[in-house]
Amino acid sequence: MGHRLSKIYTRTGDQGSTGLANGTRVLKTSLRVEAMGAIDELNSWIGVLASHAIPEALQEPLSRIQHTLFDLGAELCLPEQRRLSVDASTALEQSLDELNADLPYLKEFILPGGSPAASFAHLARSVCRRAEICLWRLHAEAPGNPDLLSYINRLSDWLFVAARVVAHYNGGQEVFWKRQ
């Protein structure tokens, strides 16, 4: 990578715009920048989850997800380039099926909690849902790669199952909703 990031501040954004990777300037309030920020936040929360004691079965998929989210953000920053394909969603579906196979049948709604790591998985899931909304709003304004939309939708499902796996890790339990 060389000295590509040797200067962190540029002052070019001080007036409310930012540069995309292709050199285009856009307002920091644009849907594209909002979507990029939501994906960045999601990736950060997944990093928090991955830094906790989690089952080994989640470690490699979380790392792969973080790299894929970085590619997704790059595609948002370079809209003319496709970085994600349907293969990313297919890989999530396969992982989801494997993780879900050993979980007890779900009979109740689950509340976020059970353990700190399970709570972080639920937090990442809810941020993922918000990121998906941002991507759909951007897609309505500037249609792009539909594989991004499928991937982020599948990722929220994957994070839900990951939260369940983490909640059961080392004999833990899920927190079930009780009607008041």
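Residues numbered from 1 in each chain as written. Predicted model: local features only at pLDDT ≥ 70, side-chain atom pairs only at ≥ 80, totals over all residues. Heavy atoms only, no water.

1. Things to note about the pattern of salt bridges
Next up, step 1: Under the defined criterion, the tally for this structure stands at five salt bridges.
Next up, step 2: Of the charged contacts in the structure, one is a salt bridge between Arg64 and Glu60, with a shortest N-O distance of 2.7 Å. With a gap of four residues between them, Arg64 and Glu60 both fall in helix 2 (residues 56-77), about one helical turn apart.
Next up, step 3: Residue classification places Arg64 among the partly exposed residues on the basis of a relative accessible area of 33%. (Salt bridge = Lys/Arg side-chain N within 4 Å of Asp/Glu carboxyl O. Helix = DSSP H or I, 4+ residues; strand = E, 2+ residues; numbered from the N terminus. Buried < 20%, exposed > 50% of the residue type's maximum accessible area, 1.4 Å probe, protein only.)

2. A short note on the packing of aromatic side chains
Next up, step 1: Inspection of the entire model under this criterion finds two aromatic pairs.
Next up, step 2: Arranged with centres 5.9 Å apart and planes meeting at 25 degrees, the rings of Trp45 and Phe120 form a pair that is stacked. Pair noted here: Trp45 is in helix 1 (residues 31-50) and Phe120 is in helix 4 (residues 116-141), with a separation of 75 residues, a long-range link.
Next up, step 3: Relative accessible area serves as the criterion here: at 26%, Trp45 is assigned to the partly exposed category. (Phe/Tyr/Trp six-rings, centres within 6.5 Å; stacked < 30°, edge-to-face > 60°.)

3. Some words on the side chain of Arg32
Next up, step 1: With respect to the element layout, Arg32 can be found in helix 1.
Next up, step 2: Although buried, Arg32 forms no salt bridge, and the nearest oppositely charged side chain, Glu141, lies 6.8 Å from it. (Lys, Arg positive; Asp, Glu negative; His and termini not counted.)

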